[in-house]
Amino acid sequence: MHARHPRLAPIRFAPACGTGSDLLFELDPARLELRRGGHAVELRPQAARVLVLLVRHAGRLVTTAEIRQALWGDQELGWRNSLHRCVRDLRCALGDDARRPRFVETVARRGYRFVGVRASVEHASATPGPTRGWRHFLRHRGVVFAAGFTSAVLLPLVFLIWCSVFAS
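Summary of the structure given here.

Conventions adopted
- Residues numbered from 1 in each chain as written.
- Predicted model: local features only at pLDDT ≥ 70, side-chain atom pairs only at ≥ 80, totals over all residues.
- Heavy atoms only, no water.
- Pairing = 2+ DSSP bridges.
- Helix = DSSP H or I, 4+ residues; strand = E, 2+ residues; numbered from the N terminus.
- Phe/Tyr/Trp six-rings, centres within 6.5 Å; stacked < 30°, edge-to-face > 60°.
- Buried < 20%, exposed > 50% of the residue type's maximum accessible area, 1.4 Å probe, protein only.
- Salt bridge = Lys/Arg side-chain N within 4 Å of Asp/Glu carboxyl O.
- Patch = residues over 30% accessible without salt bridge, like charges linked within 9 Å, V, L, I, M, F, W, Y side chains within 5 Å.
- Areas by Shrake-Rupley, 256 points an atom, 1.4 Å probe, with all protein chains shown as cover.
- Core = buried A, V, L, I, M, F, W, Y, C linked by side-chain atoms within 4.5 Å.

### Quick notes on the pairing of strand β6 (residues 104-107)
No. 1: Note that β6 and strand β7 (residues 111-114) share four bridges and pair antiparallel. What sits directly across from Val 107, in β7, is Gly 111.
No. 2: The hairpin turn running from β6 into β7, its antiparallel successor, is three residues long, and Arg 109 in that turn takes a positive phi close to 60°.

Next comes the structure, spelled out in structure tokens:
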């Protein structure tokens, strides 16, 4: 089995302030596809390329010059309007607002910054499967409930029975 190049692995992200899986997006850089809650989100390829570039540099200002060089090369005419249209398309696809950005922040006359949070990056390897952290654990509420119930109810009950048996 071939391992995919790590840079082409799907990228999951959500807004920094958001909660719930309904705001979780998955971006496939290899196919330039965006999904939300498992459903495809319509996005033109060039807008998807801009998103890939921004997400890869999450939290850092990506200048318009960097974006231009990466996506339009030495093209002199039309790239700026295309970039603005791509960002507008991204905001529409992500349900974002330029005045209160949850994903793509505009830094006037300088560039753009991805302000969402990368939820996980999955790499295909010899041992497949996503990295599972505390968020995965919290998604399984039954496990959390069982642990809480055991700690709060059963342990004190066992302690009381233990004390009554050995106190006599």
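Here the narrative resumes, following the displayed structure.
### Notes on the packing of aromatic side chains
No. 1: By the definition in use, this model includes five aromatic pairs.
No. 2: Look at Phe 13 and Phe 25: their rings are 5.5 Å apart centre to centre, the planes differ by 15°, and that puts the pair in the stacked class. Placement of the pair is Phe 13 in strand β1 (residues 11-14) and Phe 25 in strand β2 (residues 25-28), with a sequence separation of twelve residues.
No. 3: Given a relative accessible area of 0%, Phe 13 falls into the buried group.
No. 4: For Phe 25, a relative accessible area of 1% translates into the label buried.
No. 5: A ring pair is formed by Phe 13 and Phe 103, whose centres lie 5.7 Å apart and whose planes are at 80°; its orientation type is edge-to-face. Separated by 90 residues along the polypeptide, Phe 13 in strand β1 and Phe 103 in the loop between α3 (79-94) and β6 bring together distant segments of the chain.
No. 6: Given the relative accessible area of 0%, Phe 103 is considered buried.
No. 7: An aromatic cluster is defined as three or more aromatic residues linked by ring pairs; in this entry it consists of Phe 13, Phe 25, Phe 103 and Phe 114.

### Examining the pattern of salt bridges
No. 1: Summed over all chains, the structure comprises six salt bridges.
No. 2: Close ionic contact of Glu 66 with Arg 60 constitutes a salt bridge, the shortest N to O distance being 3.1 Å.
No. 3: On the accessibility criterion, Arg 60 (36% relative accessible area) is partly exposed.
No. 4: The partner of Arg 99 in a salt bridge is Asp 97, with the nearest N and O atoms 3.8 Å apart.
No. 5: A residue is classified by how much of its surface remains accessible, and Asp 97, at 24% relative accessible area, is partly exposed.

### So, a nonpolar patch on the surface
No. 1: A grouping of Leu 157, Ile 161, Trp 162, Val 165 and Phe 166 is seen on the molecular surface, where their side chains present a nonpolar patch of about 570 Å² in accessible area.
No. 2: Inspection of the secondary structure assignment puts Trp 162 in helix α5 (residues 141-167).

### What to know about the nonpolar core
No. 1: One finds Phe 13, Leu 34, Leu 51 and Leu 54 to be the most contacted residues of the largest nonpolar core, which totals 30 residues.
No. 2: Listing elements by their share of this core, those giving two or more residues are β1, β2, α1 (45-56), α3 and β7.
No. 3: Here this core takes eight residues from α1, the largest share from any one element.

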